[in-house]
Protein chains: 2
Amino acid sequence: MTQKLVAGLEPPYYTAVFTSLRPDAPEGYAETLADLRERVAAVPGFLGYESARTPGGIGITVAYFRDLEALDAWRLDAAHTAAKEHGREHWYEAYSVHIGKVERSYGFARG
Amino acid sequence: MTQKLVAGLEPPYYTAVFTSLRPDAPEGYAETLADLRERVAAVPGFLGYESARTPGGIGITVAYFRDLEALDAWRLDAAHTAAKEHGREHWYEAYSVHIGKVERSYGFARG
């Protein structure tokens, strides 16, 4: 579980918002996720991610990338592509991906 | 809790990604949230939202808007502004907001 927010991002950058519905803890999911987290961290231009899931409800992951080249490098990563296909067949009831260009962002942190 | 993904969005549209850290269920939070959900639904150009929170961890809400005018109307809503100020003082340890323009999106739903 991520316990810190991604901070210090300077626009412009890109967000990949991944929202999903799936049963809790399907078979093989945790191992695949751990592997993918290692792989995405090695993509040049990957800036971080945040992830949340309401038990029994929606999961949302937001990944931050410097530019579309970085985002597409991750999108086309072979292990990522294979995981998405496996996910459609075995894990997810539904998911959506929204690729956005961020021109404006702000935040707050208790001093 | 939202239990369905927002579907059928046609780019271009805008996402407001709100990620936050706060204690579970702070005082007054649930009532304010219920009020804000009613108010945002009345904003012309509001297309829906999804929300998730890992217990003890990060919360992420993604709200979808047709255009920046709709998004700014919500950003400047008086009750919303007041809730954000109250949230900074009483509820949140940290939060971030990322405003993105979506030109590309796709999804999957089991048939």
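Calculation rules
Each chain has its residues counted from 1, following the order in which its sequence is written. Chain letters and ligand numbers both follow the written order, the letters beginning at A and the numbers at 1. Thresholds applied to this predicted model are a pLDDT of at least 70 for local features of residues and 80 or more for the giving and counting of side-chain atom pairs; totals over whole chains, interfaces and linings are not thresholded and use all residues. Calculated side-chain values reflect all of the structure's heavy atoms, with hydrogen atoms and water omitted. Strand pairing requires that DSSP identify at least two bridges connecting the strands. Secondary structure counts use DSSP, requiring at least four H or I residues in a row for a helix and at least two E residues in a row for a strand, with both numbered from the N terminus. UniProt positions are given in the numbering used here, feature names are shortened, and annotations may be inferred rather than shown by experiment. Any Phe, Tyr or Trp ring, taking Trp's six-membered ring, that has another such ring centre within 6.5 Å forms a pair; planes under 30 degrees apart are called stacked, those over 60 apart edge-to-face, and the others tilted. Three labels apply to residues, based on accessible area from a 1.4 Å probe with only protein chains included: buried if under 20% of the type maximum, exposed if over 50%, partly exposed otherwise in between. Whether two residues touch is decided by their heavy atoms; if any such pair falls within 4.5 Å, the residues are in contact. Put simply, buried area is the surface a 1.4 Å probe can reach on two separate parts but cannot reach once they are joined, added for both. Counted as salt bridges are all cases of a side-chain nitrogen of Lys or Arg within 4 Å of a carboxyl oxygen of Asp or Glu. Any pair of N or O atoms that falls within 3.5 Å is considered a polar contact. Within protein, one atom must be able to donate a hydrogen and the other to accept it, and sequence-neighbouring residues count only if both atoms are side-chain atoms. Inter-axis angles, ranging from 0 to 180 degrees, are taken between N-to-C directions of lines fitted to C-alpha atoms, where helices are fitted over the stretch in contact.

Per an unreviewed UniProt entry, the recorded name for chain A is ABM domain-containing protein, and the organism is Streptomyces termitum.

(A) Region of the structure containing the pairing of strand β4 (residues 94-109) of chain B. Judged from the 15 bridges that link them, strand β4 (residues 94-109) of chain A and β4(B) form a sheet pairing that is antiparallel. Bridge pairing in β4(B) places A:K101 opposite B:K101. Here strand β1 (residues 13-21) of chain B runs beside β4(B); their pairing, made up of 9 bridges, is antiparallel. Directly across from B:V17, in β4(B), lies its bridge partner B:H98.

(B) Here's a closer look at the UniProt feature "domain: ABM" (unreviewed entry) in chain A. When the UniProt feature table is mapped onto this chain, "domain: ABM" (unreviewed entry) is found at residues 13-99 of chain A. In the segment residues 13-99 of chain A, helix accounts for 40% and strand for 36%; the C-alpha atoms at its two ends are 11 Å apart.

(C) Fine view of the packing of aromatic side chains. Residues and elements named next belong to chain A. Counted under the stated rule, the structure contains 16 aromatic pairs over all chains. Seen in terms of ring centroids, Y29 and W91 are 5.2 Å apart; in terms of plane orientation they differ by 80 degrees. Their pairing is edge-to-face. A residue pair is termed long-range when its members are at least 10 positions apart, and Y29 in helix α1 (residues 29-41) and W91 in helix α3 (residues 78-91) qualify at 62 residues. Look at Y29 and you get buried, because its relative accessible area is 15%. Look at W91 and you get buried, because its relative accessible area is 6%.

(D) Broad picture of the interface of chain B and chain A. Opposite the 54 residues of chain B that make contact, chain A presents 54 residues. A combined buried area of about 4,200 Å² lies between chain B and chain A, and 57% of that area is made up of carbon and sulfur atoms. Among the residues chain B hides against chain A, the three largest losses belong to B:R104, B:Y106 and B:F108. Together they make up 18% of the total. In this assembly, chain B and chain A are joined by 2 salt bridges. Inspection of the region where chain B meets chain A yields 23 residue pairs in polar contact (both at pLDDT 80 or more). Those elements that provide at least two residues to the side of chain B that touches chain A are β1, β2 (46-53), β3 (58-65), α2 (68-75), α3 (78-91) and β4 of chain B. Tallying contributions element by element places β4(B) first for the side of chain B that touches chain A, with 16 residues.

(E) Molecular detail of the sheet that holds β4(B). Spatially, the 8 strands line up as an open sheet ordered β2(A)-β3(A)-β1(A)-β4(A)-β4(B)-β1(B)-β3(B)-β2(B), and their pairing is antiparallel. In this open sheet, the two edge strands, each paired with only one partner strand, are β2 (46-53) of chain A together with β2 of chain B. The sheet shows a mean angle of 25 degrees between the axes of neighbouring strands, direction not considered. By the bridge criterion, 8 bridges tie strand β1 (residues 13-21) of chain A to strand β3 (residues 58-65) of chain A in an arrangement that is antiparallel. The residue of β3(A) that forms the bridge with A:L21 is A:I58. Helix α2 (residues 68-75) of chain A rests against β1, β2, β3 and β4 of chain A together with β4 of chain B of the sheet, and its axis sits at about 50 degrees to β4(B).

(F) Representation of the pattern of salt bridges in the model. Evaluation of the coordinates by the stated rule reveals 8 salt bridges over all chains. For A:D72, the salt bridge goes to A:R75, with nearest N and O atoms at 3.0 Å. Taken as a pair, A:D72 and A:R75 lie in helix α2 at a separation of 3 residues, close to a single helical turn. Judged by its relative accessible area of 22%, A:D72 falls in the partly exposed class. Between B:R104 and A:D72 there is a salt bridge whose closest N-O contact spans 3.2 Å. On the criterion of chain membership, the pair formed by B:R104 in strand β4 and A:D72 in helix α2 is interchain, its members lying in two chains. Three or more residues are tied together by salt bridges with common partners; here these are A:D72, A:R75 and B:R104.

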